[in-house]
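Breakdown of the fold
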Amino acid sequence: MGFADYDWGLIWDNHQILLDGLLTAAKVSVIALVISIAGGLLLAVMRQSKPPISWIAIAYINVFRGVPALVSVIWVYFGISLLLGVNFTVFQAGVIALSLLYSAFMAEIFRSALDAVPPGHREAGQALGMRSSRVFFSVILPQAIKIALPNLGSMYIGMVKDTSTFTVIGLLEVVRVTQNLVSQTFQPFVLYTAAAAIYVLAAFVIDIVFRLVEGAYARPPRGAVSQVLRSRQRRRIEQLMAEVGR
Amino acid sequence: MSTRQPSTAEESTADRTTADPVIRIRGLRKSFGSLEVLRGIDLDVTRGEHVVIFGPSGSGKSTVLRSINLLEQPSSGSLKVAGVEYGPGLPGEPSPQRGKVLQLRRTVGMVFQQFNLFPHLTALDNVALPLRSVHGMKKAEAQHKSAEALHRVGLLPRAAHYPTQLSGGQQQRVAIARALALDPQVMLFDEPTSALDPELVGEVLKTMRLVAETGMTMVVVTHELGFAKDIGDLNVFMEDGVVVESGSRGFFENCVSPRAREFIKAVR
């Protein structure tokens, strides 16, 4: 049976179902991305604090970095829900599982990014009489985010791919909807090829989005969107220059 | 000023002791582990005075400067700035009531060897951020004051530039404007020209001369002895964590300690 003999038209016929699967994966992973960025930052700061706070962060990071996504989601959906007596929806269980795991990875990304900000910048902020919290949020963090961005992009691609394991709890993401279609059409090669292509395309789009964000964070900013956003700031400064320089 | 050897300008020292010092340091010591880098420093800086600290690498001159705004925490000694005690106290004496670090740092401005501009902000916002943070100014007001500060150091046309778009000399001048905009009572300069290409040193020294002419109290750690000679009301030579010798104008020609003479000769 040759490549052309497969019923590739099946992909187009079912594209809405497949895209719905992608949309579910995107929703779960975007929410988990936001939570794990916040969680990761918190853990990174905790890790740089004094014991025992740093110990809590180190323990968390080392435990959750080692748990596979598949085990994590089963643990949350069947284990934690029983323990707490809460019935998570599959969507909620997916978000929680992904957030728990990726907070640990994000913590390491932010730790190295925070470490990469030259210590002199913190000192300069302190010497100027700024409060530590203000130095962190206005001086250190913006620089750390810029340093972390390429790694955050790669991490997010990993998160989207890990949603595929949530098929085990019945979340209607890409793999689950593909399985459903296969059971109706008996065309695993065609449909899983489509599923693989969807992940590859998603990774490609995520890469582009993160590159745009990186451009906006570059100094001076790169890219058309950043230039447009910056033009207002530039006009304001030019106005000030004219006013004061007179 | 207490020194291991007699000061070279006794009459000027007598004048200085009658004035009220902005900075008064007594018995300042600092250790990093078992290494004692400051071994009992005494220093008085009076209002409007320009103090130059020089000496070989590792002599502790930068540590003295960084102790004045508590970027380094002294191991012991007294540090009084604008009449408020900030030091841990002298051994054998009860711990003093100490002022708040933020208050100290808002009294003393500092310029670093590596400029330390915030790379994610324009020159204008580098100056404006501390104004907003420390003085609680609104954005528009802070930016207006920042533009004026940049104008004074001749960098208003570079206000919209980011640090990476500025030369080292320009970055250091922005750093000076940033510290000055906060209206400090004292300015500390930690080897402000050491990281610069030789051709860029002049513009920074020129800016520092302008600052000196305004009557700002300055403590400068530098190897630029020509500059030191021009502005130094009090010149302090340090080695191995102690003040070897100090003196007022004419120090570079009249100093008596062989080590200071040797150093001055070598640097020239």
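Scope of this entry: the structure provided in the associated data block. (Residues numbered from 1 in each chain as written. Chains lettered and ligands numbered in written order. Predicted model: local features only at pLDDT ≥ 70, side-chain atom pairs only at ≥ 80, totals over all residues.)

**A few points about the overall build of chain B**
The number of helices and strands found in chain B is 10 helices and 10 strands. Against the globule reference of 18 Å for 268 residues, chain B gives a C-alpha radius of gyration of 18 Å, in line with a compact fold. Principal axes of the C-alpha set define a box for chain B whose edges measure 50 × 45 × 40 Å. A buried classification covers 52% of the 268 residues belonging to chain B. Across chain B, every contact between residues at least 6 apart in sequence was considered, and the portion connecting residues at least 24 apart equals 65%. (Helix = DSSP H or I, 4+ residues; strand = E, 2+ residues; numbered from the N terminus. Rg over C-alpha atoms; globule rule 2.2 N^0.38 Å. Buried ≥ 20, exposed ≤ 12 C-beta atoms within 10 Å, placed from the backbone. Contact = placed C-beta atoms within 7 Å.)

**Things to note about the sheet that holds strand S7 (residues 186–190) of chain B**
Residues and elements named next belong to chain B. Sheet architecture is open: 6 strands sit in the order S6-S7-S8-S3-S9-S10, paired in mixed fashion. The open sheet has two free edges, formed respectively by strand S6 (108–111) and strand S10 (242–247), since each of these has just one partner strand. Pairs of neighbouring strands in the sheet enclose a mean axial angle of 20 degrees, with direction left out of account. Relative to strand S9 (residues 234–239), strand S3 (residues 50–54) runs parallel, the two being bridged by 4 bridges. For Val51, the partnering residue across the bridge sits in S9 and is Leu234. Those strands touched by helix H2 (residues 61–68) are S3, S6, S7, strand S8 (217–221) and S9, and its axis lies near 145 degrees from that of S8. (Pairing = 2+ DSSP bridges. Axes fitted to C-alpha atoms, helices over the stretch in contact; angles between N-to-C directions.)

**Quick notes on the packing of helix H2 (residues 15–47) of chain A against helix H8 (residues 174–185) of chain A**
All names here are of chain A. Interaxial distance between H2 and H8 falls to 7 Å at its minimum, and their mutual angle equals 155 degrees. Between H2 and H8, the angle falls in the class roughly antiparallel. Between H2 and H8 the crossing geometry is right-handed. Every residue of H8 that contacts H2 at Ile17, Leu18, Asp20, Gly21, Leu22 and Ala25 is listed here: Val174, Arg176, Val177 and Leu181. (Parallel < 35°, antiparallel > 145°, perpendicular 65-115°, else oblique. Left-handed = near helix turned anticlockwise from the far one by under 90°.)

**Observations regarding the interface of chain A and chain B**
Counting from both sides, the interface comprises 24 residues of chain A and, opposite them, 31 residues of chain B. Partitioned by chemical class, the residues of the side of chain A that touches chain B number 11 nonpolar, 7 polar and 6 charged. (Nonpolar A, V, L, I, M, F, W, Y, C, P; charged D, E, K, R; others polar.)

**A closer look at the nonpolar core**
By size, the foremost hydrophobic cluster in this structure holds 137 residues, and its most contacted members are Phe110(A), Ile53(B), Leu150(B), Ala177(B) and Val219(B). Top contributing element to this core by residue count: helix H5 (residues 90–116) of chain A, with 17 residues. Leave out the neighbours within four places in its chain, and Val219(B) touches Val45(B), Val51(B), Ile53(B), Leu65(B), Ile68(B), Val186(B) and Leu188(B). (Core = buried A, V, L, I, M, F, W, Y, C linked by C-beta atoms within 7 Å.)

**Focus on the pairing of S8(B)**
Residues and elements named next belong to chain B. For S8, the tally of buried residues reaches 5 of 5 residues, placing the bulk of the element in the interior. Across the two faces of S8 the burial is the same, with Thr217, Val219 and Val221 and Met218 and Val220 all buried. The sheet contact formed by S3 and S8 spans 4 bridges and is parallel. For Ile53, the partnering residue across the bridge sits in S8 and is Val221. Where S7 lies against S8, 5 bridges are found, and the strand directions are parallel. If you follow Val186 over to S8, its bridge partner there is Thr217. Each parallel crossover has a hand, and the one from S7 via helix H7 (residues 198–213) to S8 is right-handed. (Right-handed = clockwise from strand over helix to strand, strands pointing away.)

**Quick look at the packing of helix H5 (residues 139–152) of chain B against helix H6 (residues 168–180) of chain B**
Residues and elements named next belong to chain B. At a minimum axis distance of 9 Å, the contact between H5 and H6 shows a crossing angle of 130 degrees. Taken together, the axes of H5 and H6 lie oblique to each other. With respect to the hand of their crossing, H5 and H6 are arranged in right-handed fashion. Residues Ala149, Leu150 and Arg152 of H5 lie in contact with H6, whose contacting residues are Val174, Ala177 and Leu180. The residue makeup of the contact of H5 with H6, split by class, is 5 nonpolar, no polar and 1 charged.

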